[in-house]
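Here is how the chains run, residue by residue.
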Amino acid sequence: MPILVPAKGDAFDFRLHAVFNWTAQNMTYEELRLRAERYLGWAAGIVRERAVDLAREHEPHRSHDLERALNGRLGGQRWPREGTLPYFSVLIRVSPDERVRERLRPYWEDRIRLECEHELQKIRATQADELTRRWCAVLQGLEDDPVTSHAARLTGEQFAEVFRRYVEERRESVPDLVKLLREAVRGHGDLGMGPSEYTEAWDAALRTYERQYGLSERVN
């Protein structure tokens, strides 16, 4: 049975769960067990007597603080303090009043939900950043693509001219888009967009760019 001690304000109780460690010399285990059972009420009374004043210094929802304080006070002590009789030491676990537990439940449910959402947002932000940086690398690579560099030299004056214009138009747009992507990495939060919305928007924009300039096969 837990040992009840009043919390600060006397409106709620702490529940103390004591683990007694009995030690004896020149006594069998069965004799020691019988003695411990016989004196269990006495041992619980000692714990309660030393815990009451300390418990009243702690608010009802501060059970962990009380647990540390009690074990700090009782740790290393023994009862009876002297003599050769069997003695015990004690370790305390403290839990709050059940009514306090019910009031704490919504707080912890909200806290758990917020922490999970925070972790999810961090994952989404990391993925959005990775996607944008990958596109930056792909688009920057187009400026030094050996295929586009040498294809403009193909025989056929008219074809070469048309292809040259295509390459130049594409290259002119690449630095602007790369700059825009870099700014997006730093500032997408200023737009009031969540990471998932940001990722979807840029993915759609980049796919449109890909189709417009015939990059589907190159990027995929």
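For the structure itself, look to the data block above.
About the cut-offs
- Residues numbered from 1 in each chain as written.
- Predicted model: local features only at pLDDT ≥ 70, side-chain atom pairs only at ≥ 80, totals over all residues.
- Heavy atoms only, no water.
- Helix = DSSP H or I, 4+ residues; strand = E, 2+ residues; numbered from the N terminus.
- Core = buried A, V, L, I, M, F, W, Y, C linked by side-chain atoms within 4.5 Å.
- Buried < 20%, exposed > 50% of the residue type's maximum accessible area, 1.4 Å probe, protein only.
- Pairing = 2+ DSSP bridges.
- Axes fitted to C-alpha atoms, helices over the stretch in contact; angles between N-to-C directions.

A. Representation of unusual backbone geometry within the structure. Between tryptophan 79 and proline 80 the backbone carries a cis peptide bond, its omega angle lying at -10°. Looking at the secondary structure, you find proline 80 in the loop between helix H3 (63-74) and strand S3 (87-95). In this model, aspartate 10 sits at a positive phi of 60°, which is unusual for a non-glycine residue. Summarising the element assignment, aspartate 10 is placed in the loop between strand S1 (3-6) and strand S2 (13-23). In this model, asparagine 26 sits at a positive phi of 55°, which is unusual for a non-glycine residue.

B. Representation of the nonpolar core. Counting 23 residues, the largest nonpolar core has Phe14, Leu16, Leu66, Leu70 and Ile92 as its most contacted members. When contributions to this core are tallied by element, the ones reaching two or more residues are S1, S2, helix H1 (29-38), helix H2 (40-55), H3 and S3.

C. Examining the sheet that holds S1 more closely. With antiparallel pairing, the three strands of this open sheet are ordered in space as S1-S2-S3. The outermost strands of the open sheet, each flanked by one partner alone, are S1 and S3. For this sheet the average axis-to-axis angle between neighbouring strands, irrespective of direction, equals 35°. Note: S2 against S3, nine bridges, orientation antiparallel. If you follow tryptophan 22 over to S3, its bridge partner there is phenylalanine 88.

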